[in-house]
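Here is how the chains run, residue by residue.
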Amino acid sequence: EAGVAQSPRYKIIEKRQSVAFWCNPISGHATLYWYQQILGQGPKLLIQFQNNGVVDDSQLPKDRFSAERLKGVDSTLKIQPAKLEDSAVYLCASSPDPESKNIQYFGAGTRLSVL
Amino acid sequence: GENVEQHPSTLSVQEGDSAVIKCTYSDSASNYFPWYKQELGKRPQLIIDIRSNVGEKKDQRIAVTLNKTAKHFSLHITETQPEDSAVYFCAASIESNYQLIWGAGTKLIIKP
């Protein structure tokens, strides 16, 4: 079974620039999550999709972050404009629910450095 | 909402000894408790989980215990090995909303 795919693996940008991350979940997984993980901290949920609908985006900084999952499969997360404090690893995870009972499978992440 | 606290933040043990990491949660409705291991620069990986209908679960050298009354759960690693060195995260969830609330992580260091 192929895992959760993310790209790019690394991205370096200057502040105020824009950046986009892509995630392709495990085939058949209905739920998709985007997390932000700052160095030395646990993952922080940014947004949760169920198929192509948003379940929870309460922690997404909507003035600069946006995400979509138009066809209910792959997803993109965008930051525009980026700030220094956005430097982090952006993790995508998927879950097959409901049978999975919340088991989440993670991608390798995109490490973003904002200079 | 749910809040998960994890202790200690760093744990150093001699190779071969046991390691215990503890977490507490606040929402009594939480009923699913996974543990993830994250090696440096890699993705979090599920190592063991427990649901609220059991008090203990074991998988080889790893075990998790759950005390619903006290609202805490613990990860136990016996006969630690160098490859156990990593950051370990606990999490809690209410199965109906498919969200995990994460602890801050414990950096486990295995001394040779």
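For the structure, see preceding data.
Now for a quick tour of the structure.

What counts as what
Residues numbered from 1 in each chain as written. Chains lettered and ligands numbered in written order. Predicted model: local features only at pLDDT ≥ 70, side-chain atom pairs only at ≥ 80, totals over all residues. Heavy atoms only, no water. Disulfide = S-S within 2.5 Å. Helix = DSSP H or I, 4+ residues; strand = E, 2+ residues; numbered from the N terminus. Buried < 20%, exposed > 50% of the residue type's maximum accessible area, 1.4 Å probe, protein only. Salt bridge = Lys/Arg side-chain N within 4 Å of Asp/Glu carboxyl O. Pairing = 2+ DSSP bridges. Axes fitted to C-alpha atoms, helices over the stretch in contact; angles between N-to-C directions.

Here we take up the state of the cysteines. Applying the stated criterion to the full structure yields two disulfides over all chains. Disulfide pairing is shown between C23 of chain A and C92 of chain A; the S-S distance is 1.9 Å. Across the disulfide from C23 of chain A to C92 of chain A, rotation about the S-S bond amounts to roughly -70°, and the bridge is consequently left-handed. You can see C23 of chain A sitting in strand 3 (residues 19-24) and its partner C92 of chain A sitting in strand 9 (residues 88-95), a full 69 residues away along the chain. Residue C23 of chain A is classed as buried on the basis of its relative accessible area of 0%. One disulfide bridge connects C23 of chain B with C90 of chain B, the sulfur atoms lying 1.9 Å from each other. Here the disulfide of C23 of chain B and C90 of chain B is left-handed, its torsion about the S-S bond being about -100°. In this pair, C23 of chain B is assigned in strand 3 (residues 19-25) and C90 of chain B in strand 9 (residues 86-92), connecting sequence segments 67 residues apart. What makes C90 of chain B buried here is its relative accessible area of 0%.

A word on the pattern of salt bridges. One pass over the structure, following the stated rule, counts five salt bridges over all chains. The partner of R64 of chain A in a salt bridge is D86 of chain A, and the shortest N-O contact between them spans 2.5 Å. Here R64 of chain A, found in the loop between strand 6 (53-56) and strand 7 (65-68), pairs with D86 of chain A, found in the loop between strand 8 (75-79) and strand 9; they are 22 residues apart in sequence, far enough to count as distant. Residue D86 of chain A is classed as buried on the basis of its relative accessible area of 3%. A salt bridge links R51 of chain B to D49 of chain B; its shortest N-O distance comes to 4.0 Å.

Residue and element names in this part refer to chain A. The strand order across the open sheet formed by four strands is 1-3-8-7, and the pairing between neighbours is antiparallel. Of all the strands in the sheet, just strand 1 (5-7) and strand 7 have a single pairing partner and so form its edges. Ignoring strand direction, the axes of neighbouring strands in this sheet form an average angle of 15°. Strand direction decides the pairing type here: strand 3 and strand 8, joined by five bridges, are antiparallel. In the strand pairing of strand 8, F21 is matched with L77.

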